[in-house]
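# Understanding the architecture of this molecule
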Amino acid sequence: DDMTKYEVASWMIQEAMHGRFFRLFPIHRQAYLATSRYYRFSRWSQRAMTVLMILTVFETPLWCDTHKDIWKYLTPEERCV
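A brief look at the structure comes next. (Residues numbered from 1 in each chain as written. Predicted model: local features only at pLDDT ≥ 70, side-chain atom pairs only at ≥ 80, totals over all residues. Heavy atoms only, no water.)

Another point: the state of the cysteines. Per the stated rule, a full pass over the model turns up one disulfide. For cysteine 64, the disulfide goes to cysteine 80, at an S-S distance of 1.8 Å. In this structure, the disulfide formed by cysteine 64 and cysteine 80 twists by about 90 degrees around the S-S bond and is classed as right-handed. Remark: cysteine 80 occurs in the segment after α3 (76-79) and cysteine 64 occurs in the loop between α2 (29-58) and α3; sequence separation between them is 16 residues. Judged by its relative accessible area of 6%, cysteine 64 falls in the buried class. (Disulfide = S-S within 2.5 Å. Helix = DSSP H or I, 4+ residues; strand = E, 2+ residues; numbered from the N terminus. Buried < 20%, exposed > 50% of the residue type's maximum accessible area, 1.4 Å probe, protein only.)

What follows is the structure, encoded as structure tokens:
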């Protein structure tokens, strides 16, 4: 199912406003839906990666002893030696 000329033109304007472009603009509605899903999930994956990077600051490294006094604060010298 093809998009109308007006729908394609509005899609072109929308993509241009976001700084994206196609060499040959697709006219199929499925292509529009696929690209909109891609950009939406791309935004969510960037947010997820940011959260994972922040969590690495607070996560205890694998070589540290996490079995003794797990709820008690130990200095890095005590926990990771």
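Scanning all chains against the criterion turns up five aromatic pairs. One aromatic cluster in this structure is built from Trp11, Phe22, Phe25 and Tyr32. Here arginine 40 stacks its cationic end above the ring of phenylalanine 41, 5.8 Å away from the centre of that ring. Here the guanidinium or amino end of arginine 47 rests over the ring plane of tryptophan 44, the centre of that ring lying 4.9 Å away. (Phe/Tyr/Trp six-rings, centres within 6.5 Å; stacked < 30°, edge-to-face > 60°. Lys NZ or Arg CZ within 6 Å of the ring centre and 35° of its normal.)

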